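Spelled out, the chains give:
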Amino acid sequence: MLRHHLCGKQLHSLPRIWRSSRTCFRHLSTKQTDDFNYNRAEYGLEGKEARDEEIARYPRVTAEDLKTHKVPPRGCKMLVRDFIHDSLYNPHYGYFSRRVEIFSPVEPLNFNQMAESAELDATVARLYREYDSTSDPRDVTGSRQIWHTPTELFKPYYGYAIAQCLVSEYLLKYFPYEDLVIYEIGAGNGTLALNILDFLKAHYPEVYDRTQYHIVEISSRLAERQRNLLLPRHSMVKINNKDIFAWDTQVYSPCYFLAVEVVDNFPHDAVRYSLNASKPYQGLIALTNSGGIQEVWEP
């Protein structure tokens, strides 16, 4: 938690309108031609040998290029960060856009009645089984994936604890001269926002009346879920359905920035060194014409 001032058709082949570029490590590589050999074995990197000739011909794309595609692409390659972003956040087939299921107990767990952590684990396992049994039997893909967060598992107390931390800081530094302004990134089901605002309303009504709660949510599906949960109870909530990395509005007032269970879902690069020459390489994901996924490396 930081105080912060926010500054159609299946793709089988894309037009080759680009020229493959080197990374900042180019000057370290002995390969300086555009026809780079993607065979990892040549550089002492473990794993299955890439299909050099086929993959070398694949066009390189980015997650931004794929935003309008209705199905996962084939016959192309992209940096690991673009593959992660496209897999998670593509508006048509991304996990958080279409498939996400965040486990949430219907009633808060009665922790006072649990003797030890093993009983908590057993309780969560039972609730998972019951939750999964509600899946649609017509879903033959078997792709339903559910996961939990501390916010959901320890609700409402987890949110209450964060709310107490926020209000303590706010009362010490800004009240009554500034409003309590909160930005939450990736709010999931909206549970954390609900617990924080419920706590403020019940215990600090004078702060609640001066609270502004902004959510920045990349998933349209989750943003709608948040609206349905929060707006009937807390009218000061504003939900921005956009990527935090596309944020372009300067916020001048002091604010608190919450990113709970978000950073581990950020796209990231994969970088490694060859075993024999200690030269750096960046990872790419090649999506083959047959639907396979191949990890390859380049300088």
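In this text, all values refer to a predicted model and were calculated from it rather than measured experimentally.

Participant: Describe the side chain of Ser-219, listing the residues and the values that go with them.
Facilitator: On the secondary structure map, Ser-219 appears in the loop between strand S6 (211-216) and helix H9 (220-230). Within polar-contact distance, the side chain of Ser-219 engages the backbone nitrogen of Leu-222 at 3.2 Å. The contact partners of Ser-219, leaving out residues within four places of it in the chain, are Phe-96, Ser-97 and Asn-241.

Participant: Describe helix H7 (residues 191-203), listing the residues and the values that go with them.
Facilitator: Between its first and last C-alpha atoms H7 spans 18 Å; for 13 residues at 1.5 Å apiece the expected length is 18 Å, and the two agree. Among the residues of H7, those classed as buried are Thr-191, Leu-192, Ala-193, Leu-194, Asn-195, Ile-196, Leu-197, Phe-199 and Leu-200.

Participant: Explain the environment of Asn-240 to me, using residue names and the numbers behind them.
Facilitator: As for its position among the elements, Asn-240 is in strand S7 (residues 237-240). Given the relative accessible area of 23%, Asn-240 is considered partly exposed. Residues Asn-240 and Ile-215, 25 residues apart in the sequence, show an inter-C-alpha distance of 5.8 Å. In contact with Asn-240, other than residues within four places in its own chain, are His-214, Ile-215, Val-216, Glu-217 and Trp-247.

Participant: Residues and numbers for the packing of aromatic side chains, please.
Facilitator: Summed over the entire model, instances satisfying the criterion amount to eleven aromatic pairs. For the ring pair Tyr-89 and Phe-96, a centre distance of 5.4 Å and an interplane angle of 15° mean the geometry is stacked. Seen in terms of ring centroids, Tyr-157 and Tyr-160 are 6.3 Å apart; in terms of plane orientation they differ by 90°. Their pairing is edge-to-face. Of the two residues, Tyr-157 and Tyr-160 both sit in helix H6 (residues 157-173), three residues apart, roughly one turn of that helix. By relative accessible area, which is 46% here, Tyr-157 ends up partly exposed. These aromatic residues form a ring-pair network of at least three members: Phe-111, Phe-154, Tyr-157, Tyr-160, Phe-199 and Tyr-204. Sitting above the plane of the Trp-297 ring, Arg-272 keeps its charged end 5.1 Å from the centroid.

Participant: Residues and numbers for the packing of H6 against H7, please.
Facilitator: Two elements in contact, H6 and H7, have axes whose closest approach is 8 Å; the angle formed by their N-to-C orientations is 55°. As far as their axial angle goes, H7 and H6 are oblique. Here H6 runs over H7; the crossing is right-handed. Two secondary-structure elements touch here, H6 through Tyr-158, Gly-159, Tyr-160, Ile-162, Ala-163, Gln-164, Leu-166 and Val-167 and H7 through Leu-192, Asn-195, Ile-196, Phe-199 and Leu-200. Partitioned by chemical class, the residues of the contact of H6 with H7 number ten nonpolar, three polar and no charged.

Participant: Can you explain helix H2 (residues 80-89)? Please cite residues and give values.
Facilitator: Looking only at H2, the buried set comprises Val-80, Asp-82, Ile-84, Asp-86, Leu-88 and Tyr-89. On its buried face, H2 sits against strand S2 (76-79), helix H3 (95-99) and strand S10 (280-287).

Participant: With reference to specific residues and values, describe the nonpolar core.
Facilitator: Residues Ile-196, Leu-200, Tyr-213, Ile-215, Val-237 and Leu-258 are the most contacted members of the largest nonpolar core, which totals 29 residues. It is H7 that contributes the most residues to this core, seven residues altogether. The residues touching Ile-196, leaving out its near neighbours within four places in the chain, are Gly-159, Ile-162, Ala-163, Leu-166, Ile-182, Tyr-213 and Leu-258. Within the second largest apolar cluster, 19 residues are counted, among which are Val-61, Leu-66, Met-78 and Ile-102.

Participant: How would you explain the pairing of strand S5 (residues 180-185) if you had to name every residue and give the values?
Facilitator: Within S5, six of the six residues are buried, which leaves it mostly tucked inside the rest of the structure. Neither face of S5 is exposed, since Leu-180, Ile-182 and Glu-184 on one face and Val-181, Tyr-183 and Ile-185 on the opposite face are all buried. Here S5 pairs with S6 via six bridges, running parallel. What sits directly across from Ile-185, in S6, is Val-216.

Thresholds applied
- Residues numbered from 1 in each chain as written.
- Predicted model: local features only at pLDDT ≥ 70, side-chain atom pairs only at ≥ 80, totals over all residues.
- Heavy atoms only, no water.
- Helix = DSSP H or I, 4+ residues; strand = E, 2+ residues; numbered from the N terminus.
- Polar contact = N/O pair within 3.5 Å; in protein donor to acceptor, adjacent residues only side chain to side chain.
- Contact = heavy atoms within 4.5 Å.
- Expected span 1.5 Å × (residues − 1).
- Buried < 20%, exposed > 50% of the residue type's maximum accessible area, 1.4 Å probe, protein only.
- Phe/Tyr/Trp six-rings, centres within 6.5 Å; stacked < 30°, edge-to-face > 60°.
- Lys NZ or Arg CZ within 6 Å of the ring centre and 35° of its normal.
- Axes fitted to C-alpha atoms, helices over the stretch in contact; angles between N-to-C directions.
- Parallel < 35°, antiparallel > 145°, perpendicular 65-115°, else oblique.
- Left-handed = near helix turned anticlockwise from the far one by under 90°.
- Nonpolar A, V, L, I, M, F, W, Y, C, P; charged D, E, K, R; others polar.
- Core = buried A, V, L, I, M, F, W, Y, C linked by side-chain atoms within 4.5 Å.
- Pairing = 2+ DSSP bridges.

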